[in-house]
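Understanding the architecture of this molecule
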Amino acid sequence: MKYKAVIGLEVHVELKTNSKMFCSCSADYFGQKPNTHTCPVCLGLPGALPVPNKKAVEWCVQIGLALNCGIPLFSKFDRKNYFYPDLAKGYQISQYDKPFCLNGHITLQNGKKIGITRVHMEEDTGKLIHETVDEKKVSLIDFNRSGVPLVEIVTEPDFETADEVKEYLQKLQQIVRYLGVSNADMEKGNMRLEPNISLKKDGEKGLPKYKVEVKNINSFAFVGKAIDYEIKRQAEILDEGKTPVQETRGFVEKNSSTVSQRVKEEASDYRYFPEPDIPPIRWKEPEINKLKETLPELPNVKLNRFQKQYGLSLYDGEILTKEKTLADYFEEVFKIGQKNRVTAKQIANNIINKKVDIGNIVPAKLIENILQSEKKEDINADELRNIVRKVLKDNPGIKEDYKKGKDSVIQFAIGQVMYILKKKIDTNMLRKLILEELK
Amino acid sequence: MLFLKKMNLNNLTLKQAKEGLKNKDFSSVELTKACLERIKATEPKLNAFVTVTEKDALEQAKIADKALSDAVELPLLGIPLAVKDNFSTKGIKTTASSKVLESYIPPFDSTVIKKIKEAGCVILGKTNMDAWAHGSSTETSDFGASKNPWNTKHLPGGSSGGSAASVAADQTIAAIGSETAGSIRQPASWCGVVGLKPTYGRVSRYGVIAMGSSLDSPGPITKTTEDSAIILEVLAGKDEMDATTSPKPVLKYSQKLKKDIKELKIGISNEYFIEGLDKEVEKNVKEAIKKLEKAGGKIENIKLFDPKYAIDVYTIIQRSEVSSNLARYDGIRYGNGRGAFADEAKRRIMFGTYALSSGYYDQYYNKAQQVRTVIINDFEKAFGKVDVIIAPTSPSLALPVGATKDAAMFGEIADVLVEPSSIAGLAGINIPVGFSNSGLPIGMQIIGPQFSEELVLSVAFEYEKITQTEQWRKLKPNL
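How each quantity is defined
- Residues numbered from 1 in each chain as written.
- Chains lettered and ligands numbered in written order.
- Predicted model: local features only at pLDDT ≥ 70, side-chain atom pairs only at ≥ 80, totals over all residues.
- Heavy atoms only, no water.
- Helix = DSSP H or I, 4+ residues; strand = E, 2+ residues; numbered from the N terminus.
- Rg over C-alpha atoms; globule rule 2.2 N^0.38 Å.
- Buried < 20%, exposed > 50% of the residue type's maximum accessible area, 1.4 Å probe, protein only.
- Areas by Shrake-Rupley, 256 points an atom, 1.4 Å probe, with all protein chains shown as cover.
- Lys, Arg positive; Asp, Glu negative; His and termini not counted.
- Charge placed at Lys NZ, Arg CZ, Asp CG, Glu CD.
- Core = buried A, V, L, I, M, F, W, Y, C linked by side-chain atoms within 4.5 Å.
- Contact = heavy atoms within 4.5 Å.
- Salt bridge = Lys/Arg side-chain N within 4 Å of Asp/Glu carboxyl O.
- Axes fitted to C-alpha atoms, helices over the stretch in contact; angles between N-to-C directions.
- Parallel < 35°, antiparallel > 145°, perpendicular 65-115°, else oblique.
- Left-handed = near helix turned anticlockwise from the far one by under 90°.
- Pairing = 2+ DSSP bridges.

Helix and strand counts for chain A come out as 13 helices and 15 strands. Computed over the C-alpha atoms, the radius of gyration of chain A is 29 Å, more than 25% above the 22 Å expected from 2.2 N^0.38 for a compact globule of 439 residues. C-alpha atoms of chain A, sized along the principal axes, occupy 90 × 55 × 55 Å. By the burial criterion, 49% of the 439 residues in chain A qualify as buried. Summed over all atoms, the accessible surface of chain A reaches about 22,700 Å², with 49% contributed by carbon and sulfur. Positive and negative side-chain charges in chain A, numbering 71 and 63 respectively, have mean positions lying 4 Å apart.

A separate point is the nonpolar core. By size, the foremost hydrophobic cluster in this structure holds 125 residues, and its most contacted members are Tyr168(A) and Trp132(B). Counting 101 residues, the second-largest nonpolar core is a separate cluster that includes Phe26(B), Val112(B), Ile123(B) and Leu457(B).

Residue and element names in this part refer to chain B. Within the element layout of this structure, Phe410 appears in helix H13 (residues 410-414). On a C-alpha basis, the gap between Phe410 and Ala368 in space is 20 Å, while along the polypeptide they are 42 residues apart. When sequence neighbours within four positions are dropped, the list of residues in contact with Phe410 reads Ser136, Ser137, Trp190, Leu399, Ala403 and Thr404.

We now examine the pattern of salt bridges. All names here are of chain A. Tallying each qualifying case throughout the model produces 56 salt bridges over all chains. Among the salt bridges present, the one from Lys54 reaches Glu58, with a minimum N-O distance of 3.6 Å. Separated by 4 residues within a single helix, Lys54 and Glu58 lie in helix H1 (residues 54-66), roughly one turn from each other. One salt bridge in this structure joins Lys215 and Glu213, with 3.9 Å as the shortest N-O distance. Judged by its relative accessible area of 23%, Lys215 is partly exposed.

The subject of this paragraph is unusual backbone geometry. All names here are of chain B. That bond from Gly158 to Ser159 is cis: its omega, 10°, falls within 30 degrees of zero. Its place among the elements puts Ser159 in the loop between strand S3 (122-127) and helix H6 (161-168). With a phi close to 50°, Asn47 is a non-glycine residue in the positive phi region. On the secondary structure map, Asn47 appears in the loop between helix H3 (28-46) and strand S1 (49-52).

A few words now on the packing of helix H10 (residues 381-394) of chain A against helix H12 (residues 409-421) of chain A. All names here are of chain A. Packing of H10 against H12 brings their axes to within 10 Å, and their N-to-C directions diverge by 125°. Regarding the angle of H10 to H12, the classification is oblique. Crossing hand, H10 versus H12: right-handed. Only Ala413, Gln416, Val417, Ile420 and Leu421 of H12 make contact with H10, whose side of the interface consists of Glu383, Leu384, Ile387, Val388 and Val391.

Looking now at the sheet that holds strand S8 (residues 298-302) of chain B. Residues and elements named next belong to chain B. One open sheet accounts for 11 strands, arranged S1-S3-S2-S4-S6-S5-S10-S11-S9-S7-S8; its pairing is mixed. Each edge of the sheet is formed by a strand with only one pairing partner; in this case those strands are S1 and S8. Between one strand axis and the next, the sheet turns by 25° as a mean value, whatever way the strands run. In the sheet, strand S2 (residues 80-84) pairs with strand S4 (residues 174-179) via 3 bridges, with the strands oriented parallel.

This is the structure:
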């Protein structure tokens, strides 16, 4: 039987604000001594109250704007009530029915639009550490991460393949990095992915009746593997005439499979209600416009511009705009290069082929390098031809090898000519000359 | 000022104590000692305190005396205050009168505590309350009920019952309480003291153990209106730590008390003279209104929603918030587990959890919020016609000990007359207007629009002024 995969994605992005979402503790928890970045607010002590981090809220809205979302003028925080030891207050402050951003999309290379249902703001939880202390198995709680700002980006079930998901994720990661709001480092948990996957028969309308969510995925490669595994697993179940169980599964790295973690019969009851400690947010149009105006040029726009303005190929453009710092570097180099008649293409080739270390080589230096390497000296054409002839005469092996099809010998001939000449010249031109003489 | 030395210093009002300290008639240590002695003498009968911080208090008093001798001027310098046990106090046990927190010592001060400390006050200790502020009697306290100083067979009301009893019994110069719906005004009424519930958002909730987060309003419980105004000046204001506080400027309330009430429109609503209202309460309040009329106030009959609708709204919203606010006491921290919750808290957690459950949210919480808006609009309409509304604070006199037994909705019914204004986040004040034949105090409330503290205080002050010579004002509890 032929099936079509129906895949949706929830991505959590941790913002790199200086302070946490609702208190002034440092949000930089990675690798810190446990429970050193805490205060009454993020520990959820009696009476402590959350005050939203303005920067985090603005960044969340900017992510939404970058993802083509609409920004409702009224928004609010809600309490999501559930019990877990790493949840200090017994509820997570999140957004329920009035998120900051709604109805956006990311367009894939093939022109397909992936719908973004919503982008909302919430807080991270603490972290449980299971250890053996004095031969006793204990669970410890580190609240350093508690209250770190998280943005959740939820898509429509618009993906059909693992490749689409990977491309979307790369684009999303690129966008948040462009915005400078998150390092989006998978390994540090700055970006967390939860795909939900189900299958329907080819041609079948509507959504499947079940959905399988996969957790514990910490790389884009694994998300692809998890999806591929699920598609195969679910197809086998459907082939037997059964329906896969609605559940949460965990990804197992060592054999790229998934295992059942928790069966979800129905949606959990989080008893959402408006967070009474935080007044609703009422935006004014000009405030949103200002956030829009301060957005940096986004990757797709930059790529188009690079192609048009600098006449770069799609390939070169994609590499150069992959990261904003590289793109900025390129433009910086170009600006300096213009004065020296160095072309964009030359710069692009140089950066891409020579894998320039942009952290160490300042733009001016790079231009210098390019000029140095491409410096040509005028040379009398007859003089050059004479040297070529001399080299070929002195080295009869060159002609023999060349006739046997050893093209590499040309490089040797070039070297010999340059050695005699002691000048930098256009090697392409020289190669042509040698080939002429060999005929 | 010789007479001051003769009387017990603890009997002084805040205003008098301030003057005495300033004039060096006595020291803060003397004043504090007088209060501590009174506490020692009367606590066995009253149980107004959960914790008395004698050592710290004397320490603070000494520091205050040093400052006084250096002519430092601070609004509460050297003044002993009692604080309800739901205000987080750094280094001092803060239990909210629940066993769950019986050994919890906060590592931080609530904003109110921070402000009164900065204003130079001396903290005598933490007063008893209904556990988690759930109730209007102090009978739900896990550390035993407090008693009404006017008759210890009766309750002081609640939840700020310890604070109100402590002020009435002159254990302290003044006290801090908190009101969700009635928890300042109702015990103030039952104990015959002044209790101000400021507008929601006027005083910071930061560090106050949350009850109904969208309603909680800390405020002063005092012997006079002027004292109330002095303390409100200290407490009020925008707090960076509480996003629901208002940036509206804080007025010099204590200097704006004297206001001509001629032409003041006083709204009286029949709906607040409910069936079952104690006859003596009704009589005293109506007489009090007449006195204000005689002083120039214009009495206007207005129609307000029957306060009984507020009970449902309040019950649903408050219990929903409670169920979420108490979730953090999960047994992992604070020493005691969920088993340490007493029945009232358990009932409220279950009720609130149910009301917020999927499928019921629209039917209960959402509907309650809609009715809340209707009530807010109803008050807005009323305040288009009148300046303040006057009504009885409590439908009854202080009830006898044991009254809450088997009465799960006791608090809501006792607070029926203060719930609508709490739901609407309005400013309100209880002031004593007399006594019943049985010797129990009777209170009247003055309700004003949001942020009308200046107005309600000045009406209360006017009433105090015109009734200053009445005999009942000289009464003191016989303990």
